[in-house]
Amino acid sequence: MIARRLRAVASALAVLAIAVIAAAWDARARRPVDVRAIDAFVSRTGASELALSTTSRWLRHPSSAEPGAACQDQPPCLDTDPAGLAIAPPRSLFGPSVSIDARREGP
Amino acid sequence: MLGLAFAVALFGSALFVVESLRAVHRRASHEAPSLIVSHLEGGRPALIGPDDGERLRDLLGVRTITPRVWGYVFLGALEGNVVVFGEARGEGGSRQDVTVGPGVARLLGLRAGDRLALSTPSHQAVYRVAEILPREGALVSHDAVIVDVREARLLLGIPEGRATDLAIEVFPPEEIGAVSEEIAQRMPTSRVVAQADLARLYELTFDARGGVLGALLLPALAALLLLAWERLSGLSAEERREIGVLKAVGWATEDVLAVRMIEAGLIALFGTVIGLLVAYVHVYAFEAALLSRVIFGWSNLRTPLALAPATDLATLAALVAMVVVPFTTVSTFPAWRAASIDPDRALRGP
């Protein structure tokens, strides 16, 4: 009984060890590719900021924009930190904003 | 064990993403200019003047000063901004060729040789897509469109002689602080951003977002620990009989406690390794599909997280300290209680 349990534990440990070695090998294989593409782009444009959020410039280029200025990029821009979270805002919100309509119509 | 693996996978995914992004930005800053100088008007970024660069050329340590022309162009087809960079190609360079980032190419279905129309209030033109940047560099180039600097001026409405900002190379790097101070004195209306400032900003951003995510996951960890406590406190009839037999044949309480602790340790080991493997596959094979939108939000031009692993042993140790140590700790008391039951009572049943 105990021997069977020990064999099961040893087998599980062996499987995990193989999986860990495979992950380490995969990690090693992934590294050089990213570096070349990133280096080439940054040396070409001088822009090292990350394109994690692409709509608002204070998230795209935090070094050159005022953080937290909502709607500074386009009137319907809702991309405030943390950028809408997991669910996209309703599509209807991306039409012309009320302020634009009001401005066009005048007082 | 599955609960522990789940908790480790959640925390591990957040840690892997944050660490890999840190590594990407560190890498990107190797090739970036030492200083970026922009002009402020009324506290807001404005175009830099034609003479500003010349005023800085005699500074000791300044190797090159490159006026950069770049800005944002709203693409209706994408319902989002792309970043247009101007590139000096000389008189012989083609003005009609553009290089596009992988995100723009994918969303617009562009291939090399296709046409791309860019339209702003100041200029409209159709360009030829000469090159598509590789997907591996998407974290910096996803939404980029590189055009000839003359076209960039027309598209962005930046007159000849003016620029968005100045990229300054300083050598040796020890001079960056002194050069930065001197620029601030000579150009009081400028904003000088050193690579170190940018690196600090990103470190803080990653820490903040990773921290928020970690805080969100704490209730899940608490629930797991409570569950582990409940599970380990209650002994099944078989376990109770097994302990009774062991004690009847001469095992001391310490021996039974040691075995129970080894059991808890094995569960923690298996759970941790399985959780880390799940986190690894989730982040690096599936681009953190479950977490990326929570961390980075929603965007039309959402950047795929094609990350390379960059986790060090200290990060893994932090993860173990955060999840595995509390789990092993809550296992101790139930283990001691199980080990100290009376063998006679254990064999006879409750």
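Residues numbered from 1 in each chain as written. Chains lettered and ligands numbered in written order. Predicted model: local features only at pLDDT ≥ 70, side-chain atom pairs only at ≥ 80, totals over all residues.

## Brief notes about the overall build of chain B
Argument step 1. Across its full length, chain B carries eleven helices and eleven strands.
Argument step 2. Relative to a compact globule of 350 residues, whose C-alpha radius of gyration would be 20 Å, chain B shows 30 Å and is clearly more extended.
Argument step 3. Seen along its three principal axes, the alpha-carbon backbone of chain B occupies a region of about 95 × 45 × 35 Å.
Argument step 4. Out of the 350 residues belonging to chain B, those deemed buried represent 41%.
Argument step 5. In chain B, once contacts between residues fewer than 6 apart in sequence are set aside, the share between residues at least 24 apart is 81%. (Helix = DSSP H or I, 4+ residues; strand = E, 2+ residues; numbered from the N terminus. Rg over C-alpha atoms; globule rule 2.2 N^0.38 Å. Buried ≥ 20, exposed ≤ 12 C-beta atoms within 10 Å, placed from the backbone. Contact = placed C-beta atoms within 7 Å.)

## Considering the interface of chain B and chain A
Argument step 1. Counting residues at the interface gives 56 residues for chain B and 48 residues for chain A.
Argument step 2. In terms of residue count, helix 1 (residues 2-31) of chain B provides more of the side of chain B that touches chain A than any other element does, seven residues in total.
Argument step 3. Class assignment for the residues of the side of chain B that touches chain A results in 32 nonpolar, 13 polar and eleven charged. (Nonpolar A, V, L, I, M, F, W, Y, C, P; charged D, E, K, R; others polar.)

## Quick look at the pairing of strand 8 (residues 123-132) of chain B
Residue and element names in this part refer to chain B.
Argument step 1. For strand 6 (residues 97-100) and strand 8, the ladder comprises four bridges, and the chain directions are parallel. Across the sheet, residue V100 finds its bridge partner in strand 8, namely I132.
Argument step 2. Taken together, strand 7 (residues 115-120) and the strand that follows it, strand 8, pair antiparallel across an intervening segment of two residues. (Pairing = 2+ DSSP bridges.)

## Overview of the domain arrangement of chain B
All names here are of chain B.
Argument step 1. Split by domain assignment, chain B resolves into domain 1 (2-25 + 200-348) and domain 2 (70-156).
Argument step 2. With centres defined by C-alpha atoms, the gap from domain 1 to domain 2 works out at 46 Å.
Argument step 3. Counting residues at the interface gives seven residues for domain 1, matched by eleven residues for domain 2.
Argument step 4. Here the residues of the side of domain 1 that touches domain 2 sort into four nonpolar, three polar and no charged. (Domains from an automatic or database assignment.)

## Focus: the packing of helix 1 of chain B against helix 10 (residues 313-339) of chain B
Residues and elements named next belong to chain B.
Argument step 1. In contact at an axis separation of 10 Å, helix 1 and helix 10 are set at 160° when each is read in the N-to-C sense. Our classification of the angle between helix 1 and helix 10 gives roughly antiparallel. In this structure, the crossing between helix 1 and helix 10 has a hand that is right-handed. Here L4, A7, V8, F11, G12, L15 and E19 of helix 1 lie close against helix 10, whose contacting residues are T315, L319, M322, V323 and F327.
Argument step 2. Residue classes in the contact of helix 1 with helix 10 are distributed as nine nonpolar, two polar and one charged. (Axes fitted to C-alpha atoms, helices over the stretch in contact; angles between N-to-C directions. Parallel < 35°, antiparallel > 145°, perpendicular 65-115°, else oblique. Left-handed = near helix turned anticlockwise from the far one by under 90°.)

## Focus on the environment of L213 of chain B
Residue and element names in this part refer to chain B.
Argument step 1. By the secondary structure assignment, L213 is in helix 6 (residues 195-233).
Argument step 2. Residue classification places L213 among the buried positions, given that 20 C-beta atoms sit within 10 Å.
Argument step 3. Along the sequence, L213 and A14 sit 199 residues apart, while their C-alpha atoms lie 7.1 Å from each other.
Argument step 4. The contacts of L213, once residues within four sequence positions are left out, are A14, V294 and I295.

## Side note on the nonpolar core
Residues and elements named next belong to chain B.
Argument step 1. Formed by 105 residues in total, the largest nonpolar core has its most connected members in V8, V17, V84, V140, V145 and A152.
Argument step 2. With 15 residues, helix 1 is the largest single contributor of residues to this core.
Argument step 3. With residues up to four places along the chain from it excluded, the contact list for V8 reads G271, T272, G275, L276, A279, L319 and V323. (Core = buried A, V, L, I, M, F, W, Y, C linked by C-beta atoms within 7 Å.)

## Concerning unusual backbone geometry
All names here are of chain B.
Argument step 1. Cis rather than trans, the peptide bond between F171 and P172 has omega equal to 0°.
Argument step 2. Phi is positive for A288, which is not a glycine, with a value near 50°.
Argument step 3. In this fold, A288 is placed in the loop between helix 8 (253-285) and helix 9 (292-296).
Argument step 4. The class for A288 is buried, based on 23 C-beta atoms found within 10 Å.

## Quick notes on the sheet that holds strand 6 of chain B
All names here are of chain B.
Argument step 1. The strand order across the open sheet formed by six strands is 4-5-9-6-8-7, and the pairing between neighbours is mixed. Two strands lie at the open edges of the sheet, namely strand 4 (70-75) and strand 7, each paired on one side alone. Ignoring strand direction, the axes of neighbouring strands in this sheet form an average angle of 40°.
Argument step 2. Its contacts with the sheet place helix 4 (residues 149-156) against strand 4, strand 5 (80-87), strand 7, strand 8 and strand 9 (144-148), and it is angled at close to 140° to strand 5.

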